[in-house]
Structure formats: structure tokens, C-alpha cells
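Each chain is listed here by its residues.
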Amino acid sequence: MLTVSITFDSSTPEGAEDYLQILAPDGTRHPCPELDHWVEEIDIPALENLYIDMACIRRLDTEGTALQRQGELGLWAPLLGQEAAQIGSGRALEHDDFIFPSYREHGVAYCRGIDPHDLLRMWRGAAPSGWNPYEVNMANQQIVIGAQTLHAAGYAMGLKFDGSAAAAITYFGDGATSQGDVSEAMVFAASYQAPVVFFCQNNHWAISEPVTRQTSGYIADRAKGFGLATWRVDGNDVVAVLAATRAALAHVRTGSGPAFIEAVTYRMGAHTTADDPTRYRDALELEEWAAKDPLDRVAAHLDTLGADLAALRERAKQATDDMAAGLREAITTMPDPEVDDLFAHVYSHPHPWLEEQRENYANYLAGFAENAQASK
Ligand SMILES: Cc1ncc(C[n+]2csc(CCOP(=O)(O)OP(=O)(O)O)c2C)c(N)n1
């Protein structure tokens, strides 16, 4: 196994005055006293694994978009550009920690070991949700903006009352910070000193609304006003995100109250496959962020360390091709949903109003069959 001592470039990296950074966009490593000790063991093999993780979810994203275009999925929410934010934070979590995601956290789900085809189940409309949250400690995708932050705060309050050592983490976008739910979640979490990390992926756009319309300052600074410990980190630097998430989790586990991470990143693709960002976004902005690509900077850094990049790219190709092949096979053989499933997991016990709705819906569907019969 190739091991090298990490070398630092002591000059100020680009962007470092705005956020914490370890790897600059050109792959040079700079000292970051606040974060370095959290990632001391990250050596060449660990960096290579992070690179392969990011390559896999980038491929998952490409496949998701293609499958939607081919009519296999109803919709897809791309994560292109946000790989470091998701893999860095996802790899910092312990199994007992519970994740409350939005709809874009395919990379976090991948880190959780969720099978990619289970992840696609909902986007295909083949099931109301793709997995059992309690088997993997990750809630299903949340479409209602910001709602999951309240669930996370409540879950973390429960952890605190139970004396558990686990933490909760919740993911949301910059636009969600304008939603009342997110403020309410922070109030409750801070009041109860609940062990929850609020992880905001500031990807600069809430569909067509720029982040400048959500806040005139840094999003992380807003969380400080609620009494949360905050980290503003380069969200395209996987090592810095890993370090900041470890630091935030350690903070909440000591009972010192909730934490907030603002990962400054960029959504390079569309909001969803139903969106056309060329209608509201300047192409130059995209170019600027493409130069800060999360995968390229890990590869560039590994290059400075003398790693075998050709071999790494080959491994990444093999892993991504295998994943894509499995995904395509699974999606085309996925059974259609049973209509009854819509009503199956709403309440834990039977509920008369829901039963009535189930019956009405069954009658409504039966009406189509009767009409078809009558028109023969
Ligand atoms: C409560 C609510 N209001 C509005 C919407 C419609 N909506 C879907 S995505 C979105 C923008 C979210 O942007 P952001 O929070 O920045 O997350 P991102 O999609 O960029 O990851 C909106 C307004 C919704 N799903 N839920």
C-alpha cells in the first residue's frame, strides 16, 4: 500500500476567506487548522475510495437522467456538482445516526448502502417509497420543502430523552432556509439542545430563484442567531466536508446542542428533469463552477501525491459500469405498484376515513372497467 505524508501549500487558497477548505480547486492541499485534525487518517487509499464513491453517484445521476428521458422514470432530481457535499457528509455518519433527506440526496442514500434501484422506485412511480427507513436509518425522500428538518429535530429530541449516543442529520437546500419549518426546527433543536446536524447544501439555486433572493448574508450566519454551532465549508471539497461533518457530529454528541453546516456548492444540472436552467442561468456561471469540480480536485490532489491515476480511473469505470448495468436490469423488471399500496403505510393502525378513501378509489377504478365493457 502506497503511503505518503501529506504536503501542504501554505499560501491562501482560492475562496478560503469565505469558507473552510482543505483541497483547493487545483488539487493543492492547504492547512486548515479548524478541520485538519478531523481527517488526519485520510491517506491515498481513503482518497481513492472517496473518488470512486463520487464517480459512482455521478454515474447514478447520469443514468437517472437518461432513464427519465427514456420514459422509465417519471422525474429525476440531478445532483451533478454536489457529489462532495453528499459523499463527504454521508461517509462521516455512524450506522445509528438517522438521516432525514430531501429528494436530492442520492449520494447520501448510496453511502447508507441503499440499493440504487430502491432509490429509483419512487421516481418511477413504482412505490410510494423505496426502502424501510428503520432498516437503514434513513427516512424516505421528502418532497415538501423543509418538512424533514422538523422530523429530524423531533427525532433528535427523542434521542436526547432516551440518553442515546446517536445523532440525527437533516439535508435541505438554500431555498428551504426561507421556509418557516426550517426556522421552527432550529428553535426546537436549540431549546432542547437536541443532537441534530442541519446540513444545508447551498447549491445557489432554488429552481429559478438565486440564493441572493433567500438571504443577503451567509446562510450559516443565520443559524448562529438560533444558537447553533456553525461551519461554512467548501461543499466541493470532499475532505473538508468530511472533516466539518465529523466536527459537527462530535459537537452534537457531547450534548452541546445542534449544529449547522453550510456546504457551498453548485447544482450543475437542472433542478429536475422538468426544468430548463438555460432559461434563468448565465452559462458563464456554470463554467466558473465546472472549474471547481469535486472529482477533478481529488484526482489532481492524488496526482500530486504520486497515486496511479490511470489505475484509479479504471477501477472507477468498472464500478460505475457494474452499477449502471445492475440498475438498468432492475428498472426494466421492476413490478408495477399495487393501487392498495397507496393506502398501506399512511397510519400504523386501520383508520375509518382512510378505509373509506380506499373503497371510493377502488370503485372509481372499477368504473373504468365497467365503461370499457359497456362500450364493447
Ligand atoms: C412546501 C413546498 N413549497 C414549494 C415546493 C415546490 N418546490 C419544489 S423544489 C423547490 C425549490 C427548493 O430549492 P432548495 O431548497 O434550494 O433545494 P434544491 O432543490 O436546490 O436542492 C420548490 C419551491 C415544495 N415542494 N414544497
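Residues numbered from 1 in each chain as written. Predicted model: local features only at pLDDT ≥ 70, side-chain atom pairs only at ≥ 80, totals over all residues. Heavy atoms only, no water.

1. Some thoughts on the side chain of Thr245
Logical step 1: Along the chain, Thr245 turns up in helix H9 (residues 238–253).
Logical step 2: In this structure the side chain of Thr245 is engaged in a polar contact, spanning 2.7 Å, whose partner is the backbone oxygen of Val241.
Logical step 3: In this structure, Thr245 is in contact with Gly88, Ser89, Ala92, Ile169, Phe199 and Ile261, ignoring residues within four places of it in sequence. (Helix = DSSP H or I, 4+ residues; strand = E, 2+ residues; numbered from the N terminus. Polar contact = N/O pair within 3.5 Å; in protein donor to acceptor, adjacent residues only side chain to side chain. Contact = heavy atoms within 4.5 Å.)

2. Considering the pattern of salt bridges
Logical step 1: Inspection of every chain in the model, using the stated rule, returns 20 salt bridges.
Logical step 2: Arg358 is the partner of Glu355 in a salt bridge, and the nearest nitrogen-oxygen pair spans 3.3 Å. Note that Glu355 and Arg358 are positioned in helix H14 (residues 352–374) at a spacing of three residues, about one turn of the helix.
Logical step 3: One salt-bridge network, held together by shared partners, links Arg59, Glu63, Lys317, Asp321 and Arg328. (Salt bridge = Lys/Arg side-chain N within 4 Å of Asp/Glu carboxyl O.)

3. Quick look at the site of the ligand
Logical step 1: Around the ligand sit 15 residues in total, of which Tyr103, Arg104, Gly175, Ala176 and Trp205 are the nearest.
Logical step 2: Within the backbone of Trp205, a nitrogen or oxygen atom sits 2.9 Å from an oxygen atom of the ligand.
Logical step 3: Most atoms of the ligand, that is more than half of them, are within 2 Å of grid points of the largest pocket.
Logical step 4: In terms of residue class, the shell around the ligand is made up of eight nonpolar, five polar and two charged. (Near = heavy atom within 4 Å. 1 Å grid on protein atoms, 1.4 Å probe; cavity = no way out; pocket = protein on both sides within 12 Å on 5 of 7 lines; lining within 4 Å. Sits in = over half its atoms within 2 Å of the grid points. Nonpolar A, V, L, I, M, F, W, Y, C, P; charged D, E, K, R; others polar.)

4. Re empty space enclosed by the protein
Logical step 1: In total, this model carries one cavity of 30 Å³ or more according to the counting rule given.
Logical step 2: By volume, the largest cavity amounts to about 40 Å³.
Logical step 3: Examining the composition of the lining of the largest cavity, we find that three residues originate from one element, helix H8 (residues 219–225), more than from any other.
Logical step 4: Looking at the lining of the largest cavity, its residues break down into five nonpolar, one polar and one charged. (Points joined across faces, edges and corners; volume = space filled by probe spheres on them.)

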